[in-house]
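Structure assessment
Here is what each chain is made of, one letter per residue.
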Amino acid sequence: MQNQAIGIFDSGIGGTSIWKEITALLPHENTIYLADSKYAPYGKRSREEIIKLSIKNTKKLLELDCKLIVVACNTATTNAIQILRSTFSIPFIGIEPAIKPAAINTQTKNIGVLATKGTLTSELFAKTSDLYTQNIKVTEIVGTGLVELIEEGKVYTPEMYNLLSSYMRPMIDANIDYLVLGCSHYPYLIPVLKKIVSDKVTIIDSGEAVARQTKTVLTSSNLLNTSSEKGNHLLYSNTDIKALKDIITTNNLNYQIDTLAF
Ligand code: DGL
């Protein structure tokens, strides 16, 4: 079982930001990544639809013989992970907006969260936010349109800069010193965001924490791959693979990108 792959899915190419952290921390693990770009964005779908899509992706990863699944999507995690855990018997790792470290470290007592509508309206997000932000003002902004532009490869465009600037305005006005990226697509926006917000704003995402949690769960479940070989990585999209190819820029990993129906 230890040689079986870690399965990872997202609504599209954004979860590769998590995949990169996992492959860096766990170089001997094999991985299978599903980019469900055909149904992206998840963020504006209903909870029922997000659950259905998450189950579909999980079934495909189980068919491909994965030993553990990383839900590399905040929207899918906050809406569907409880159902996934109660339906399937393998371990699931999820990703949620990193509100806790932002709330603990803020000096201005103002933090910003940029995420999808699906995440910001979920019960799980409300619970986590209530738990850590009692005396803190949280400016929540829905990143409408950002996922679509990233999927189209339009990160460094005036359109993206203008849209992000408009989303950052209320946060800058609120004097935030921590910006939480609550969508796995958004780490790809960090270079653009840094041009918009002051360098006094710390930008945080949950990628590294998810990789660490994946290692912890693999270890405690005795699923860690003990091979000394470099891992093999299969990345699949159910639409055109160009966006996936463009975003994976590493030369150091054994990987293959292909289309797959799911
Ligand atoms: N990457 C996803 C997330 O972390 C989903 C974005 C979307 O499809 O709307 O929320």
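Look a little higher up for the structure.
Fair warning: this is a prediction, and the values are worked out from it, not measured in the lab. (Residues numbered from 1 in each chain as written. Predicted model: local features only at pLDDT ≥ 70, side-chain atom pairs only at ≥ 80, totals over all residues. Heavy atoms only, no water.)

**Quick word on the pairing of strand β7 (residues 178-182)**
Within a regular beta strand, the side chains point alternately toward one face of the sheet and then the other, so they alternate between its two faces. For β7, the tally of buried residues reaches five of five residues, placing the bulk of the element in the interior. Neither face of β7 is open: one carries Y178, V180 and G182, the other L179 and L181, and all of them are buried. One ladder, built from five bridges, connects strand β5 (residues 110-115) with β7; its direction is parallel. Residue pairing in the sheet places V113 in a bridge with V180 of β7. Relative to strand β8 (residues 202-204), β7 is paired through three bridges, and the arrangement is parallel. (Buried < 20%, exposed > 50% of the residue type's maximum accessible area, 1.4 Å probe, protein only. Helix = DSSP H or I, 4+ residues; strand = E, 2+ residues; numbered from the N terminus. Pairing = 2+ DSSP bridges.)

**A look at unusual backbone geometry**
For the bond from A40 to P41, the omega torsion is -5 degrees, close enough to zero to count as cis. Of note, P41 is situated in the loop between β2 (31-35) and α2 (47-63). Here D65, not a glycine, exhibits a phi torsion of approximately 70 degrees, which is positive. By secondary structure assignment, the location of D65 is in the loop between α2 and β3 (68-71). With a relative accessible area of 47%, D65 lands in the partly exposed category. Of note, N175 is a non-glycine position whose phi angle comes to about 65 degrees, a positive value.

**What to know about the packing of aromatic side chains**
Within a pair of aromatic rings, the relevant descriptors are the distance that separates the centres and the angle that separates the planes. Counting across every chain of the model gives one aromatic pair. Residues F88 and F92 carry aromatic rings whose centres are separated by 6.3 Å and whose planes lie at 55 degrees to one another, so their mutual orientation is tilted. Just as F88 is buried, F92 falls in that class too. (Phe/Tyr/Trp six-rings, centres within 6.5 Å; stacked < 30°, edge-to-face > 60°.)

**Focus: the site of the ligand**
Neighbouring the ligand are 13 residues; S11, Y42, G43, T75 and H185 lie closest to it. The separation between an oxygen atom of the ligand and a polar main-chain atom of G43 is 2.7 Å. When isolated, the ligand has an accessible area of 300 Å², and the protein chains bury 99% of it. Of the residues contributing to the shell around the ligand, the split by class is five nonpolar, seven polar and one charged. (Near = heavy atom within 4 Å. Polar contact = N/O pair within 3.5 Å; in protein donor to acceptor, adjacent residues only side chain to side chain. Areas by Shrake-Rupley, 256 points an atom, 1.4 Å probe, with all protein chains shown as cover. Nonpolar A, V, L, I, M, F, W, Y, C, P; charged D, E, K, R; others polar.)

**Points about the environment of T202**
Position of T202 relative to the elements: it lies in strand β8. Taking C-alpha positions, T202 is 12 Å from A103, a pair spaced 99 residues apart along the chain.

**Here's the deal with the side chain of T139**
Tracing the chain through its elements places T139 in strand β6 (residues 137-142). We classify T139 as buried; its relative accessible area is 10%.

**Quick look at the nonpolar core**
Counting residues in each nonpolar core, the largest one holds 51 residues, and the members touching the most others are V70, L114, L164, M168, L179, Y186 and L189. Residue contributions to this core peak at five residues, all from helix α8 (residues 158-173). If we ignore the near neighbours within four places in the chain, the residues touching L179 are G112, L114, M168, M171, L193, V201, T202, I203 and I204. One finds L61, I69, A76 and I81 within the second-largest nonpolar core, a separate group that totals 20 residues. (Core = buried A, V, L, I, M, F, W, Y, C linked by side-chain atoms within 4.5 Å. Contact = heavy atoms within 4.5 Å.)

**Here we look at the side chain of N57**
Within the fold, N57 resides in helix α2. Classification of N57 by relative accessible area gives buried; the value is 0%. Once you skip the residues sitting within four places of it in the chain, N57 turns out to touch F9, L34, D36, Y42 and F262.

**Observations regarding the sheet that holds β3**
Strand pairing in a sheet relies on backbone hydrogen bonds, with the paired strands running either antiparallel or parallel. The parallel open sheet is built from six strands, whose spatial order is β4-β3-β1-β2-β9-β10. Pairing within the sheet leaves two strands with one partner each, and these edge strands are β4 (92-93) and β10 (254-259). Pairing geometry for β2 and strand β9 (residues 232-237), over five bridges, is parallel. Looking across to β9, one finds that I32 is bridged to L234. Helix-sheet contacts for α2 involve β1 (6-10), β2, β3 and β4, and the interaxial angle to β1 is about 155 degrees. (Axes fitted to C-alpha atoms, helices over the stretch in contact; angles between N-to-C directions.)

**Observations regarding the state of the cysteines**
Enumeration according to the criterion identifies zero disulfides in this entry. Its sulfur unpaired, C73 is 6.7 Å from the next cysteine sulfur, which belongs to C183. (Disulfide = S-S within 2.5 Å.)

In short, the description is geometric, and any link to function would need to be established separately.
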